[in-house]
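Residue-level structure breakdown
Listed below are the residues making up each chain.
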Amino acid sequence: MARAAGPERRLLAIYTGGTIGMRRENGVLVPGKGLADVLRTLPMFHDKEHAQDLPADTLVLPPASADQRIIYTVLECQPLYDSSDMTITEWVHIAQIIERQYTQYHGFVVIHGTDTMAYAASVLAFMLENLQKTVIITGAQVPIYALWNDARENLLGALLMAGQFVIPEVCLFFQNQLFRGTRVTKVDTRRFAAFYSPNLPPLAVMGADVLINRTLVRKVQGKDQLVVHRSMERDVGLLRLYPGIPAALVGAFLQPPLKGVVLETFGSGNGPTKPDLLLELRQAAERGLIILNCTQCLQGTVTSDYASGMAMAGAGIVSGFDMTSEAALAKLSYVLGQPGLSLDGRKELLARDLRGEMTLPTADECQPSLHSSTLGLGVAQLLSLSQEVLPGV
């Protein structure tokens, strides 16, 4: 992480839609066009006196410091999206925009709806490899047109952070806090503090001063060229266990074309031990389905001794440690989209920290135990009855 140098910092703000620019029509909020025109009327977003000969889609902030200006261009997507309609296809499109414009701008701000913003942040983080520039996603709970809103603070904060600092990763800025994109989840539908990073502190906090946790910000590794991974696997899913969940329901969910599933388990990685349910998991694993185990708890981790147990590896269950479900789903999509990897190779990649998405256990925490969870013991017993060799094992 470094303070950005130079008298001018140029940013690209990619406006995809979302609440921040919505207008009310017939009693409901719909995506609103012309965000740049709105920002141009707000002095905090545009210094008219300094904006000589700038294109219509380009604005300049008031001076952030005595010797530096932030100039930003607003690229409005066509069409604009409600974030509930966003998919991997739209996020690939955003990544491709960043790729095409990468050499023209010092940093990027993605304006996105909040409902799927945590998913977007994680997916973009895995798509954008060798990132050496700041990419910040932001949005709002209340439209910028409202008298009392969070839109102005969030967007201005994101522009200032992307313009003044070089933080080479995908981040999410909300309510004065800059989070790692692969660590956030939405926790509130109405409060302005809508996002939380349960297992990693914010990378930065803005107040009277900007406080940056320099030990957490990821370092640029070499000067390799940006790589955009477009081949994200779509056939992945998210299944939340609950007490009494029928084995038939689990079995139906795990059928092809599904290639991987994030399994939200109880506590530190446990689940029911009914033989019929464990049989469905074993049969899915034998078909080559990858199961990534994440806890339903907001904070904490799938315990390391459970995750490293031979029974879990044999059953195709990989520990997600302390990943959010959003990050786990994005990582699964990314790993399954990589060409030429064996089943074991994909499991090995899932077990590595690729984008700061999880906290790996220390050596002292990695002692295997087949009895560390009842789910693990049950699957191990079923595996011992089978003479079949799992694919790729």
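Structural data are supplied above this passage.
A brief report on the enclosed structure follows. (Residues numbered from 1 in each chain as written. Predicted model: local features only at pLDDT ≥ 70, side-chain atom pairs only at ≥ 80, totals over all residues. Heavy atoms only, no water.)

1. Here we look at the packing of aromatic side chains
Considering all chains together, one arrives at five aromatic pairs under this definition. Through successive ring pairs, a cluster of aromatic residues spans Tyr 102, Tyr 105 and Phe 108. The ring of Tyr 102 carries Lys 133 above its face, with NZ or CZ at 4.7 Å from the centroid. Against the face of Tyr 334 rests Arg 355, its NZ or CZ located 5.3 Å from the ring centre. (Phe/Tyr/Trp six-rings, centres within 6.5 Å; stacked < 30°, edge-to-face > 60°. Lys NZ or Arg CZ within 6 Å of the ring centre and 35° of its normal.)

2. Observations regarding empty space enclosed by the protein
Taken as a whole and judged by the stated rule, the model has two cavities of 30 Å³ or more. At three residues, helix α2 (residues 88-100) tops the list of elements feeding residues into the lining of the second largest cavity. Looking at the lining of the second largest cavity residue by residue, the classes come out as four nonpolar, two polar and one charged. (1 Å grid on protein atoms, 1.4 Å probe; cavity = no way out; pocket = protein on both sides within 12 Å on 5 of 7 lines; lining within 4 Å. Points joined across faces, edges and corners; volume = space filled by probe spheres on them. Helix = DSSP H or I, 4+ residues; strand = E, 2+ residues; numbered from the N terminus. Nonpolar A, V, L, I, M, F, W, Y, C, P; charged D, E, K, R; others polar.)

3. A look at the pairing of strand β18 (residues 236-240)
Summarising the sheet, β18 and strand β19 (residues 260-265) pair through five bridges and their orientation is parallel. Across the sheet, Arg 240 pairs through a bridge with Glu 264, a residue of β19. Note on the crossover from β18 through helix α5 (residues 247-253) to β19: the handedness is right-handed. (Pairing = 2+ DSSP bridges. Right-handed = clockwise from strand over helix to strand, strands pointing away.)

4. Side note on the side chain of Thr 295
By secondary structure assignment, the location of Thr 295 is in strand β20 (residues 290-295). Of the polar contacts made by the side chain of Thr 295, one reaches the backbone oxygen of Gly 267; its length is 2.4 Å. There is a polar contact of 3.0 Å between the side chain of Thr 295 and the backbone nitrogen of Cys 297. Sequence-distant contacts of Thr 295, defined by excluding residues within four places in its chain, comprise Thr 265, Gly 267, Gly 300 and Val 302. (Polar contact = N/O pair within 3.5 Å; in protein donor to acceptor, adjacent residues only side chain to side chain. Contact = heavy atoms within 4.5 Å.)

5. Examining the sheet that holds strand β11 (residues 170-174)
With respect to topology, nine strands assemble into an open sheet ordered β5-β6-β2-β7-β9-β11-β12-β15-β16, the strand pairing being mixed. Of all the strands in the sheet, just β5 (58-60) and β16 (210-212) have a single pairing partner and so form its edges. Across this sheet, the average inter-strand angle for adjacent strands is 25°, counted without regard to direction. In terms of strand pairing, strand β9 (residues 134-138) meets β11 through three bridges, oriented parallel. Considered in β11, the bridge of Ile 137 is made with Leu 172. The strands touched by α2 are β2 (8-17), β6 (69-81), β7 (107-111) and β9; relative to β2, the strand with the most contacts, the crossing angle is about 160°. Each of β9 and β11 is contacted by helix α3 (residues 117-127), which is oriented at about 155° to β11, the strand it contacts most. (Axes fitted to C-alpha atoms, helices over the stretch in contact; angles between N-to-C directions.)

6. Considering α2
Helix length check: α2, at 13 residues, gives a terminal C-alpha distance of 18 Å against a target of 18 Å (1.5 Å per residue), a fit within 8%. Taken as a whole, α2 has its buried residues at Ile 88, Glu 90, Trp 91, Val 92, Ile 94, Ala 95, Ile 97 and Ile 98. (Expected span 1.5 Å × (residues − 1). Buried < 20%, exposed > 50% of the residue type's maximum accessible area, 1.4 Å probe, protein only.)

7. Here we look at the side chain of Asp 47
In this fold, Asp 47 is placed in the loop between α1 (35-40) and β5. When near neighbours in sequence (up to four residues on either side) are disregarded, Asp 47 contacts Val 60, Leu 61, Pro 62, Pro 63 and Arg 69.

8. Notes on the layout of surface pockets
Considered as a void within the structure, the largest pocket measures approximately 470 Å³ in volume. Contributing to the lining of the largest pocket are 24 residues, with Glu 129, Asn 130, Arg 218, Leu 354 and Arg 355 lying nearest its centre. Residue classes in the lining of the largest pocket are distributed as nine nonpolar, six polar and nine charged.

9. Description of the packing of α3 against helix α9 (residues 325-336)
With their axes 8 Å apart at the nearest point, α3 and α9 run at an angle of 35° to one another. Both α3 and α9 take part in a crossing whose hand is right-handed. When α3 is examined against α9, the residues Ala 118, Tyr 119, Ser 122, Val 123 and Phe 126 are found in contact with a partner set consisting of Glu 326, Ala 327, Leu 329, Ala 330, Lys 331 and Tyr 334. (Left-handed = near helix turned anticlockwise from the far one by under 90°.)

10. Topic: the pattern of salt bridges
It is possible for side chains of opposite charge to pair when their charged atoms get near one another. Applying the stated criterion across every chain, the model contains 12 salt bridges. As a salt-bridge pair, Lys 259 and Glu 233 come within 3.8 Å of each other at their nearest N and O atoms. Of this pair, Lys 259 sits in the loop between α5 and β19 while Glu 233 sits in the loop between β17 (227-228) and β18; the two residues are 26 residues apart in sequence, bridging distant segments of the chain. By relative accessible area, Lys 259 is classed as partly exposed at 35%. Looking at Glu 233, the relative accessible area reads 15%, which means it is buried. (Salt bridge = Lys/Arg side-chain N within 4 Å of Asp/Glu carboxyl O.)

11. Thoughts on unusual backbone geometry
At the junction of Gln 78 and Pro 79, the peptide bond is cis and its omega measures out at 0° in the coordinates. Relative to the helices and strands, Pro 79 resides in strand β6. With an omega of 15°, the peptide bond between Pro 256 and Pro 257 qualifies as cis. One can find Pro 257 in the loop between α5 and β19. Backbone geometry at Asn 176 places phi at a positive 70°, although glycine is not the residue there. Note on placement: Asn 176 falls in the loop between β11 and β12 (177-180). For Asn 176, a relative accessible area of 26% puts it in the partly exposed group. Even without being glycine, Phe 321 reaches a positive phi, approximately 50°. Secondary-structure assignment places Phe 321 in the loop between β21 (317-319) and α9. A relative accessible area of 10% means that Phe 321 is categorised as buried.

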